[in-house]
Amino acid sequence: GAAGCIATLLHDGFMNPAEVIKQRLQMSDSPYKSAMECLTKVYRAEGFTAFYRSYTTQLTMNVPFQCFHFIMYEWTQKIINKEGNYNPPAHMISGAVAGATAAAITTPLDVCKTLLNTQKDASATGLIHAVKMVYRLGGPTGYFRGMQARIMYTMPSTAICWSTYEFFKYLLQAKVISSSTVTALAEDDNNDHAIARSLIQAESPSSEKATILKPRELPTMAASSGLYGALTFNTMHTPDTNFSSRSKGTVLDCTHT
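- The protein is annotated in an unreviewed UniProt entry as Mitoferrin-1 of Cryptolaemus montrouzieri.
- Looking at the protein in UniProt, the text filed under Sequence similarities (unreviewed entry) is "Belongs to the mitochondrial carrier (TC 2.A.29) family."
- According to the UniProt record, the Subcellular location (unreviewed entry) comment for the protein is "Mitochondrion inner membrane".

**A word on the packing of helix H5 (residues 107–118) against helix H6 (residues 127–138)**
So, step 1. Two elements in contact, H5 and H6, have axes separated by 9 Å at closest approach and are oriented at 100°. With respect to their mutual orientation, H5 and H6 come out roughly perpendicular. Taking contact as the criterion, the partners of Leu109, Val111, Cys112, Leu115 and Leu116 in H5 are, on H6, Leu127, Ala130, Val131, Met133 and Val134.
So, step 2. Residues of the contact of H5 with H6, tallied by class, amount to 10 nonpolar, no polar and no charged.

**Brief notes about helix H3 (residues 55–80)**
So, step 1. For H3, which comprises 26 residues, the first-to-last C-alpha distance of 37 Å matches the rise-based estimate of 38 Å (1.5 Å per residue) to within 8%.
So, step 2. Those residues of H3 that sit buried are Thr57, Gln58, Leu59, Met61, Asn62, Phe65, His69, Met72, Tyr73, Thr76 and Gln77.

**Describing the environment of Thr60**
So, step 1. Mapping Thr60 onto the fold places it in helix H3.
So, step 2. For Thr60, a relative accessible area of 34% translates into the label partly exposed.
So, step 3. Through-space distance from the C-alpha of Thr60 to that of Leu109 is 7.5 Å; in sequence the pair is 49 residues apart.
So, step 4. Those residues in contact with Thr60 that lie beyond four places of it in its chain are Leu109 and Leu127.
So, step 5. In terms of polar contacts, Thr60 uses its side chain to reach the backbone carbonyl oxygen of Thr56, at 2.6 Å.

Reading guide: rules and limits
Residues numbered from 1 in each chain as written. Predicted model: local features only at pLDDT ≥ 70, side-chain atom pairs only at ≥ 80, totals over all residues. Heavy atoms only, no water. UniProt positions renumbered as here; feature names shortened; annotations may be inferred. Axes fitted to C-alpha atoms, helices over the stretch in contact; angles between N-to-C directions. Helix = DSSP H or I, 4+ residues; strand = E, 2+ residues; numbered from the N terminus. Parallel < 35°, antiparallel > 145°, perpendicular 65-115°, else oblique. Contact = heavy atoms within 4.5 Å. Nonpolar A, V, L, I, M, F, W, Y, C, P; charged D, E, K, R; others polar. Expected span 1.5 Å × (residues − 1). Buried < 20%, exposed > 50% of the residue type's maximum accessible area, 1.4 Å probe, protein only. Polar contact = N/O pair within 3.5 Å; in protein donor to acceptor, adjacent residues only side chain to side chain.

Put into structure tokens, the structure is as follows:
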């Protein structure tokens, strides 16, 4: 929760001016022809504070939006994707449902934010003033104007967002598992060789006894291996090895080729 709040603070701090420019260009009687023209004219006429007039409202809207967004996504996932596996249709549906729910709940705050961003004069200077002005102009239903359009805009956006996120999460996890498996196999192979060397050294503390150890290879069963391939047995043992029982001085290496 704390990480989400901090991320929203930073995100809105950078994107709030862009939101102001976008909404002013979207007005039906917009006097601006480009984003750069809107930026320069608003700055000259209203000052730098015009780009952050709705910042607190933006935060008030985006923090609960992200909370409902993530809660609904996880809740929907537990219903239609109980195993938690990579399931693109489930991720798309969950993302769309989460986005639609969060958008519907936070529509009144979005209406107030839009009013603050698009007003030509500074009659509404904050969230409280915007709430009063919306009620005076449109009544209780004024807070839910544009809700359907907001839901239609948010649903595909969050569906694409979560689908892309889950895809790259699955892709990166698959690469990590693959690389860790190769590393584990290499470590196991090195450990096997180290254990074999330690067993031989344990049985031959002196260099004199080490010279007695001679490799003796059993014949490879390649002629009658058939479908299963050849089995090669390499044994290292001392002349006094007792083959009737497993000896500590015998190292048996079986390789299935």
